[in-house]
Amino acid sequence: EALDRAYNRLQVNKSVNKAHRIVTSNRAVSDVCGEAEFNVFVGENVLTTGSSLMDNQNKDAYEIKRVQTVTLDSISELAHCNLVKIDAEGAEHLVLKGGEEFFKANTPDIIMEILQSANLEHLIEFFKNTEYKFYSINDQTGEIVQLDSLVSGKNMNQLNTLISLKPLEEVKELL
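Residues numbered from 1 in each chain as written. Predicted model: local features only at pLDDT ≥ 70, side-chain atom pairs only at ≥ 80, totals over all residues. Heavy atoms only, no water.

**Looking at the overall build of the protein**
Here is step 1: When you go through the protein residue by residue, the secondary structure sums to 5 helices and 8 strands.
Here is step 2: The helix and strand sequence of the protein, counted from the amino end, reads α-β-β-β-β-α-α-β-α-β-β-β-α.
Here is step 3: For the protein, the residues scored as buried account for 41% of the 175 residues in total.
Here is step 4: Taking as baseline every contact in the protein between residues at least 6 positions apart, the subset at least 24 positions apart corresponds to 65%.
Here is step 5: Carbon and sulfur atoms make up 48% of the accessible area of the protein, which amounts to about 10,600 Å² in all. (Helix = DSSP H or I, 4+ residues; strand = E, 2+ residues; numbered from the N terminus. Buried < 20%, exposed > 50% of the residue type's maximum accessible area, 1.4 Å probe, protein only. Contact = heavy atoms within 4.5 Å. Areas by Shrake-Rupley, 256 points an atom, 1.4 Å probe, with all protein chains shown as cover.)

Structure, rendered in structure tokens:
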């Protein structure tokens, strides 16, 4: 989480919930290690946690920060990871690209928020020759539906997609 105030809140949540096995980083996860411009957005219907490495033409950036970037492949603490949550506000394809070796070695379940602004073509290409299956999660009802392909969220309750090697029956038992 590159945004300091969001990262600090994440640390509080991690501590309160005694989630000590969760690996967090106060950097933006991307396809390269280094630095990048991070757009902090504002607006009537925009949370600052919706800020991103991507330039979003529908939102006004009130601040552009220089942030440190890291790849999933470069984070040694993820050596035995079985679940990844990707919420990169349109930069999900960069997270996947920077984690190619990580995903091959670990084949974790992935919960990914896929907005309308996501680079869907690159996301689909990344999973093209894998055994991963795609499941739409309805955050309001808890309903899980298997998808033929990745799609962007239809509404605020259906932005999260579970990407897993597990069959639907096993996924339903887990959730």
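**Digging into the sheet that holds strand β8 (residues 160-164)**
Here is step 1: Pairing is mixed across the open sheet formed by 5 strands, whose spatial order is β4-β5-β8-β6-β7. Lying at the two open borders of the sheet, with one neighbouring strand each, are β4 (83-86) and β7 (144-147). Geometrically, the sheet is characterised by an average inter-axis angle of 25° between neighbouring strands, direction not taken into account. (Pairing = 2+ DSSP bridges. Axes fitted to C-alpha atoms, helices over the stretch in contact; angles between N-to-C directions.)

**A few points about the pattern of salt bridges**
Here is step 1: Scanning all chains against the criterion turns up 5 salt bridges.
Here is step 2: Across the pair K104 and E101 runs a salt bridge, and its minimum N-O distance is 4.0 Å. A residue pair is termed a helical-turn pair when its members lie 3 or 4 positions apart in one helix, as K104 and E101 do in helix α3 (residues 100-106) at 3 residues. (Salt bridge = Lys/Arg side-chain N within 4 Å of Asp/Glu carboxyl O.)

**Considering the environment of I137**
Here is step 1: With respect to the helices and strands, the residue I137 is situated in strand β6 (residues 133-137).
Here is step 2: In this structure the C-alpha to C-alpha distance between I137 and E113, which are 24 residues apart in sequence, comes to 10.0 Å.
Here is step 3: If sequence neighbours within four positions are ignored, I137 has contacts with E143, N157, Q158, N160, T161 and L162.

**Digging into the nonpolar core**
Here is step 1: Judged by nonpolar contacts, the single largest core of 25 residues is most densely connected at I86, F103, I110, M112, F127 and I163.
Here is step 2: Residue assignment for this core shows that the elements contributing at least two residues are β4, α2 (92-97), α3, β5 (109-113) and α4 (120-127).
Here is step 3: Of the residues forming this core, the biggest block, 3 residues, is contributed by α2.
Here is step 4: Beyond its immediate chain neighbours, meaning those up to four positions away, I163 contacts P108, D109, I110, M112, F127, Y132, K133, F134 and L150. (Core = buried A, V, L, I, M, F, W, Y, C linked by side-chain atoms within 4.5 Å.)

**As for the layout of surface pockets**
Here is step 1: Taken as a whole, the second largest pocket holds about 200 Å³ of empty space.
Here is step 2: Lining the second largest pocket, in full, are E100, F103, K104, T107, E125, F126, K128, N129, T130, E131, Y132 and L165.
Here is step 3: Where the lining of the second largest pocket is concerned, the elements lending two or more residues are α3 and α4.
Here is step 4: Residue contributions to the lining of the second largest pocket peak at 3 residues, all from α3.
Here is step 5: Broken down by class, the residue content of the lining of the second largest pocket amounts to 4 nonpolar, 3 polar and 5 charged. (1 Å grid on protein atoms, 1.4 Å probe; cavity = no way out; pocket = protein on both sides within 12 Å on 5 of 7 lines; lining within 4 Å. Points joined across faces, edges and corners; volume = space filled by probe spheres on them. Nonpolar A, V, L, I, M, F, W, Y, C, P; charged D, E, K, R; others polar.)

So, to be careful, I would describe these as geometric facts and stop short of saying anything about function.
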